[in-house]
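Given next are the chains, with one letter for each unit.
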Amino acid sequence: MRWAALLLLLGCSARRTEPIAGPLVLDDEAARGERVFMQNCHSCHPFGEGGLGFSLNDKPLPGFMIRAQVRTGFGVMPGFDEQQIPREDLDALVVYLRRLRKHG
Ligand code: HEC
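To keep things clear, this report deals only with the structure shown in the data block.

The rules behind each value
- Residues numbered from 1 in each chain as written.
- Predicted model: local features only at pLDDT ≥ 70, side-chain atom pairs only at ≥ 80, totals over all residues.
- Heavy atoms only, no water.
- Helix = DSSP H or I, 4+ residues; strand = E, 2+ residues; numbered from the N terminus.
- Buried < 20%, exposed > 50% of the residue type's maximum accessible area, 1.4 Å probe, protein only.
- Contact = heavy atoms within 4.5 Å.
- Areas by Shrake-Rupley, 256 points an atom, 1.4 Å probe, with all protein chains shown as cover.
- Core = buried A, V, L, I, M, F, W, Y, C linked by side-chain atoms within 4.5 Å.
- Phe/Tyr/Trp six-rings, centres within 6.5 Å; stacked < 30°, edge-to-face > 60°.
- Arc of directions from axis to C-beta.
- 1 Å grid on protein atoms, 1.4 Å probe; cavity = no way out; pocket = protein on both sides within 12 Å on 5 of 7 lines; lining within 4 Å.
- Points joined across faces, edges and corners; volume = space filled by probe spheres on them.
- Nonpolar A, V, L, I, M, F, W, Y, C, P; charged D, E, K, R; others polar.

## Some details on the overall build of the protein
Scanning the protein for helices and strands turns up four helices and zero strands. Relative to its full complement of 104 residues, the protein shows a buried share of 25%. Look at the contacts in the protein between residues 6 or more apart in sequence, and 57% of them connect residues 24 or more apart. Approximately 7500 Å² of the protein is accessible, and the part contributed by carbon and sulfur atoms is 62%.

Set out below in structure tokens:
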């Protein structure tokens, strides 16, 4: 019995770490985030890949770091204030970037 429970546990944790492949599915919020991204970020981070800016889809950047980077900017990257990207849009943007990451 104990072995069965252990195997079950191992099975579950192994499955959870497998990368999720397949087409990128976007719910409403992620789709909104995608629009925000295309308008403000795409020119330098094409499809989340590196361009003028770093690639965003290959590292587990925590949400607060993405927010901080967007609000303050850094180096060549401009900061975006509440006028340019309202808070709800920024939330959606973070959701979209997470989705992009799982996908890649
Ligand atoms: C004018 C070009 C430009 C635009 C527009 C731009 N970025 Fe950037 N971004 C950069 C550059 C250049 C860097 C690297 C700057 C640095 O940290 O020295 C960067 C870095 C970042 C980083 C940090 C990546 C890391 O690996 O640390 C994040 C997150 C980011 N950008 C997100 C965004 C988001 C989200 C938007 C849209 C709201 C955006 N950027 C718009 C140029 C841009």
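Anyway, onward from the coordinates.
## Some remarks on the nonpolar core
Counting 14 residues, the largest nonpolar core has Phe37, Val70, Ile85, Leu93 and Leu97 as the members making the most contacts within it. Secondary structure elements with two or more residues in this core: helix H2 (28-40), helix H3 (63-72) and helix H4 (87-103). For this core, the leading source of residues is H4, giving six residues. Those residues in contact with Phe37 that sit more than four places away from it in its chain are His42, His45, Phe47, Gly48, Leu56, Leu93, Tyr96 and Leu97.

## Observations regarding the packing of aromatic side chains
This model, assessed by the stated rule, comprises one aromatic pair. Taken together, a centroid distance of 5.6 Å and an interplanar angle of 50° make the contact between Phe37 and Tyr96 tilted. Here Phe37, found in helix H2, pairs with Tyr96, found in helix H4; they are 59 residues apart in sequence, far enough to count as distant.

## Some words on H3
For H3, the complete set of buried residues consists of Gly63, Ile66 and Val70. The arc enclosing the buried residues of H3, seen along the axis, measures out at 65°, which places them on a common side. Relative to its buried face, H3 has exposed residues pointing more than 90 degrees away, namely Phe64 and Thr72. In the segment just after H3, Gly73 is the residue with positive phi, at about 75°.

## Looking at the layout of surface pockets
Where empty space is left can be seen by rolling a probe of water-molecule size over the atoms. Counted as a void, the largest pocket has a volume near 570 Å³. What lines the largest pocket is a set of 24 residues, and nearest its centre among them are His45, Phe54, Leu56, Gln69 and Met77. Looking at the lining of the largest pocket, the elements with two or more residues in it are H2, H3 and H4. If one sorts the elements of the lining of the largest pocket by residue count, H3 sits on top with four residues. Broken down by class, the residue content of the lining of the largest pocket amounts to 17 nonpolar, five polar and two charged.

These figures come from the coordinates and say nothing about function on their own.
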